[in-house]
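Structural features, examined
Next come the chains, spelled out residue by residue.
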Protein chains: 6
Amino acid sequence: MPLDRNQLIGKEAILLLLQDKDQLPERLRQLNWKFCKGKVGAMDGKKVVAAVETAAKNQGIVKPDLYRETHALYHAILEAVSGVTRGSNQIGTLLRTVGLQFVIVRGNPYQDKAEGEWLAVVLYGTIGAPVKGLEHEAIGLGINHI
Amino acid sequence: MPLDRNQLIGKEAILLLLQDKDQLPERLRQLNWKFCKGKVGAMDGKKVVAAVETAAKNQGIVKPDLYRETHALYHAILEAVSGVTRGSNQIGTLLRTVGLQFVIVRGNPYQDKAEGEWLAVVLYGTIGAPVKGLEHEAIGLGINHI
Amino acid sequence: MPLDRNQLIGKEAILLLLQDKDQLPERLRQLNWKFCKGKVGAMDGKKVVAAVETAAKNQGIVKPDLYRETHALYHAILEAVSGVTRGSNQIGTLLRTVGLQFVIVRGNPYQDKAEGEWLAVVLYGTIGAPVKGLEHEAIGLGINHI
Amino acid sequence: MPLDRNQLIGKEAILLLLQDKDQLPERLRQLNWKFCKGKVGAMDGKKVVAAVETAAKNQGIVKPDLYRETHALYHAILEAVSGVTRGSNQIGTLLRTVGLQFVIVRGNPYQDKAEGEWLAVVLYGTIGAPVKGLEHEAIGLGINHI
Amino acid sequence: MPLDRNQLIGKEAILLLLQDKDQLPERLRQLNWKFCKGKVGAMDGKKVVAAVETAAKNQGIVKPDLYRETHALYHAILEAVSGVTRGSNQIGTLLRTVGLQFVIVRGNPYQDKAEGEWLAVVLYGTIGAPVKGLEHEAIGLGINHI
Amino acid sequence: MPLDRNQLIGKEAILLLLQDKDQLPERLRQLNWKFCKGKVGAMDGKKVVAAVETAAKNQGIVKPDLYRETHALYHAILEAVSGVTRGSNQIGTLLRTVGLQFVIVRGNPYQDKAEGEWLAVVLYGTIGAPVKGLEHEAIGLGINHI
Ligand SMILES: [Mg+2]
Ligand SMILES: [Mg+2]
Ligand SMILES: [Mg+2]
Ligand SMILES: [Mg+2]
Ligand SMILES: [Mg+2]
Ligand SMILES: [Mg+2]
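Residues numbered from 1 in each chain as written. Chains lettered and ligands numbered in written order. Predicted model: local features only at pLDDT ≥ 70, side-chain atom pairs only at ≥ 80, totals over all residues. Heavy atoms only, no water.

A word on the coordination of the magnesium ion (ligand 5)
Around the magnesium ion (ligand 5), the protein contributes the donor atoms His 71 of chain C (NE2), His 75 of chain C (NE2) and His 136 of chain F (NE2), which lie 2.1 to 2.2 Å from the metal centre. In this pair, His 71 of chain C and His 75 of chain C are both assigned in helix H4 (residues 67-85), four residues apart and thus about one turn of the helix distant. (Donors = N, O, S within 2.8 Å, 3.2 Å for Na, K, Ca; no water. Helix = DSSP H or I, 4+ residues; strand = E, 2+ residues; numbered from the N terminus.)

Structure (C-alpha cells):
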C-alpha cells in the first residue's frame, strides 16, 4: 500500500507549478490523471477558495454536483491555504495580500489500485503587505482522498 | 524592491529538495548563497525542529552563538512545520508521524542589495499514521529575514 | 463536587435541540433552570455570535447590563463556534456558510449547590459551500460558569 | 443532493451516544449503515485518536489496510477532537484530562445515492483538571466522505 | 458599568510583576483585592499551568474545592499562555523553553459592584531555545470573571 | 549573549505604555534606542495592523521602503495581536471590538552588540462587545530581530 515513488501526487503538482508545465508527464496521462492550473490575487481568503473551486469544476477535475467531490476539494484547498498563511488561514483580515498560482492534480499515488483517486492542491506565490514588493514567497499543499 | 524572479529563495529551496540536487545553481553560488540539506523522521515535533537547527548550525548556515540568527531560523522552521501539519503544529500528540527531507537556503532574493540576507526552510515528505504506507505527502516553507 | 448525571447541562441542551423540544424537562424547571432557542443562517461569524447573544438577552437568560454575564456567554458561544468550525472560527472568510439552530441552557449541573450557575450553548446545523445541498452537519458546545 | 432529514448521520451518531443505544434505528440498518461505540479516558491526545481508530478497525467500520479509509477516519477524529478541545487539539500538554464515549457511524446521509458513504465520529464526555469532579462536558463531531 | 480606570486589574497585575512589588497598592487592599505571585521554568506546558494553579490554591486566591473557581482560573491561565506562546499554546513540543514569573490578582475592576470578582493572570519572562541566552521576552494576560 | 536585565526591550515597552511616558529612559536614549506610540480603536484586525505600521513608518522606527524592516515589524505586530486576541487573531469577525494603545521600541536588549537591533511591539487596552463597558483588558507583546 505504500506511495509509488514514481507518481507522488503532491510532488508532481508542485513541479508542474514551479516549472510552469502545461501538461502532466506522459506516464501520468496514461494513468488517466487529471490536472488544471490557474492564478488568483486577493486580500480575501474566500476569493482564493472560490478561484480554485471554480477552476476545478470548470476544467472537469471534480464533478460540480457531487458534494463528496466538492467536500474533498474544499478540505484540500483549506490545507493548502493553511500552508500559505502558516496556520492562521487569514489574509486580508490581517492586512496581507496574496498573489498565487495554483495547480490541482487528481490521480492515485499509491501502488495499490484500491486506494482510488486522490487530489493534490498546490498554492504557490507571494504573500505580504498590500504594497508591490513588500512580500515573500509562500507555498501550501493539501492532499485528500476523493 | 521586488523579488528577483531569477533568485526566488523559496522556489530554489523547493526545487533543490524535490529534484534532489547536491548544490545550488551556479548563479546563486556566485551570489554567495548558502545551502544545506538533511532528513528527519519523527513523531515528536521537537525532533524535527532540532534536526533542522542542528544541520543549519553544523553546516554553517547560521552562526550558532548569535541569537538573532537562531531566532530567524526558529521562526522559519516553525512556519515550515505549520505547512506540514496544516496549522496545528502537532505531530505525535495527535498520533501522526512524519518522514521529512529538508533544505535550508540563505541568500538575498530581492533586487535591492539593501534587503540583505533571508532564510528559506523547506520540509517535504510524508505524514500519516505510525504504520508504513498509511501516509500522504506534505510540504512546508518558512521564509524569514536574517 | 462531581457533575450530577441527572442534570448534565450540555447533554440536556443538545437533546433539547436535536429532539426539538419546547421546554426543559420538569425536573430541571423545578430547579429553576432557564432555556431559550433560536436559529441563524450566515456566512458571517459575527452574525452567529450576535444571534445567540440577542436571544439570550431578550429571553432573559443573561442580564444585558451585567458584563460578567455577557462575558460568560461570549466565551461559551465562541467555544461552540469553535466546534462548528472545527478550530478556525472562520466561516465566510473561508467561503463557508452555516445554517444553525441554537439552544442556551442556564443552571447548575453539579451535585454541590455552591457550584452556582453555568451556561451551555449548543450550535447544531449544517456548514458548507454557499450552495444548497453542498453541506454537512456540525455541532459545537460551549460551557462556562456564570 | 441535499441531506435527507431522516438520515442525518451526525444527529444519529450523537443521539446513539447520548441515549446510550446499542444499535442503529431499523431504517438505517436496512440502508446498511454501520455503527460502533467505545470509551476512552486519557490525558494524551494520541490515546484518544488510537482508541477511536482501533475500534473502527476492529469492528469493521473501516478497512484497516486501505489508507483512504484510515485517512477519512483520521480527519473525522481530528475534527471531533477539535470540538472537544475547542480548537487547540491539546489535552495533557495543557494539564487537562478527558473521559469520553465515542460513536462512529458509516452511511450515506444524502438523498442522492451517488454521494456514497460518509463517516461521523462523535466524542462526548468530560474535560477538565486531572482531579475527579473538576470537569465539565464537551462534545465534538467530525464528518467526512469515505 | 465601565472599567474603573483606577483599578484596572490587568494593568495592576502587570505592574506588580514588572515592578517586582510585594503587595497590592493600599487602595486595592482596602477593596479586599487578593494577590499572589510565583515563578516557573519549564519546557512542559502543563507545568506552567500547574505552577499557577498550585500557587492560586495554596495562597488562597481561589477555593481549591470549588470547580467554578478552578474553571475561571484555568481559562485565565490558558489565555495568558496563549500570549506567551503567541497562539500555539505549545512549548516543549516545539523545542522551546520558558522562564516565567507570574502574578494572579482577584478583585472587581468595574465601577459597578454588581460585576463581582474577576481574575487576572499575568505570565512574563523569556521564551526560547533550551540554551541559556537564546531567548527573548514574552508576556500573556488572561482575564476572567470568577 | 544573555539579555541585559537593564535593557529588557519588552519590559521597557510595556512600562512606557502602562506608565504613559513620553520618552525612553535616559540610559536607553544614550544607546540610540527609538520609540513611538499611538492609539487605535477598531473592530477590524487590519486597521490595528495598519495603525501600528503607519506609526512605525511615519515616526522613523522602520524604513518604509526596506521590506526586511516591514517584515520584522509585521510579524512583531501579529504576535502582539495574538496576545490581545488570545490566539485567534480575530476581532470583528467574532463580534469583538478593541480600544488599544501601542508602543514600539527599537534597540538591542542583549549584552552582546553583535545581536544588533530588535523590535518590541506592545498593544494594551480593552477588548469586548461593541458596547461601551462590556469589555476587559488585554495585552500583547511581539518581539523580533530587525
Ligand atoms: Mg490528511
Ligand atoms: Mg513572513
Ligand atoms: Mg472550560
Ligand atoms: Mg468538512
Ligand atoms: Mg474574555
Ligand atoms: Mg520569537
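Let's talk about the environment of His 71 of chain C
A relative accessible area of 2% places His 71 of chain C in the buried class. It is 8.5 Å that separates the C-alpha atoms of His 71 of chain C and Ile 146 of chain C, two residues lying 75 residues apart in sequence. (Buried < 20%, exposed > 50% of the residue type's maximum accessible area, 1.4 Å probe, protein only.)

As for the sheet that holds strand S2 (residues 97-107) of chain A
All names here are of chain A. The strand order across the open sheet built from four strands is S1-S2-S3-S4, with neighbouring strands paired in antiparallel fashion. The sheet terminates laterally at strand S1 (34-42) and strand S4 (135-145), the two strands that pair on one side only. The average angle at which neighbouring strand axes cross in this sheet is 15°, direction not considered. When strand S3 (residues 118-128) meets S4, the two strands line up antiparallel, connected through 11 bridges. Looking across to S4, one finds that Trp 118 is bridged to His 145. (Pairing = 2+ DSSP bridges. Axes fitted to C-alpha atoms, helices over the stretch in contact; angles between N-to-C directions.)

Points about the relation of the copies chain D and chain C
Overlaying chain D with chain C gives an RMSD of 0.0 Å, the required rotation being 180° about an axis along which the chain moves by 0.0 Å. Taken together, the rotation and translation describe the operation of a two-fold axis. A share of 97% of interface residues in chain D that are also interface residues in chain C marks the association as one of identical surfaces. (Least-squares fit on C-alpha atoms with pLDDT ≥ 70 in both. Contact = heavy atoms within 4.5 Å.)

Re the packing of aromatic side chains
Under the counting rule described, the total for this entry stands at 18 aromatic pairs over all chains. Look at Trp 118 of chain C and Tyr 67 of chain E: their rings are 5.4 Å apart centre to centre, the planes differ by 10°, and that puts the pair in the stacked class. Linking Trp 118 of chain C in strand S3 (residues 118-128) with Tyr 67 of chain E in helix H4 (residues 67-85), this pair reaches from one chain into another. Tyr 67 of chain E carries the same exposure label as Trp 118 of chain C, and that label is buried. A centroid spacing of 5.1 Å and a plane angle of 55° characterise the contact between Tyr 110 of chain E and Trp 118 of chain E, whose relative ring orientation is tilted. An aromatic cluster is defined as three or more aromatic residues linked by ring pairs; in this entry it consists of Tyr 67 of chain A together with Tyr 110 and Trp 118 of chain D. (Phe/Tyr/Trp six-rings, centres within 6.5 Å; stacked < 30°, edge-to-face > 60°.)

Considerations on the arrangement of the chains
A minimum C-alpha distance of 10 Å separates chain B and chain C, which share no contact. In this structure chain D stays clear of chain F, and the shortest span between their C-alpha atoms is 10 Å.

Here's the deal with helix H1 (residues 9-18) of chain A
Residues separated by three or four positions in an α-helix point in the same direction, a consequence of the helix having 3.6 residues per turn. For H1 of chain A, the tally of buried residues reaches nine of 10 residues, placing the bulk of the element in the interior. At the C-terminal side of H1 of chain A, Asp 20 of chain A shows a positive phi close to 55°.

Some thoughts on the coordination of the magnesium ion (ligand 2)
Looking at the metal site, the magnesium ion (ligand 2) is ligated by His 136 of chain A (NE2), His 71 of chain F (NE2) and His 75 of chain F (NE2), spaced 2.1 to 2.2 Å from it. Here His 75 of chain F falls in the buried class, since its relative accessible area comes to 15%.

Digging into the interface of chain E and chain D
Counting from both sides, the interface comprises 17 residues of chain E and, opposite them, 13 residues of chain D. On the chain E side of the contact with chain D, Lys 46, Tyr 67 and Tyr 74 of chain E bury the most area, a combined 44% of that side's loss. Applying the counting criterion to the chain E and chain D interface returns zero salt bridges. Counting across the interface, chain E meets chain D through five residue pairs in polar contact (both at pLDDT 80 or more). The residue makeup of the side of chain E that touches chain D, split by class, is six nonpolar, eight polar and three charged. (Buried area = accessible area lost by both parts, 1.4 Å probe. Salt bridge = Lys/Arg side-chain N within 4 Å of Asp/Glu carboxyl O. Polar contact = N/O pair within 3.5 Å; in protein donor to acceptor, adjacent residues only side chain to side chain. Nonpolar A, V, L, I, M, F, W, Y, C, P; charged D, E, K, R; others polar.)

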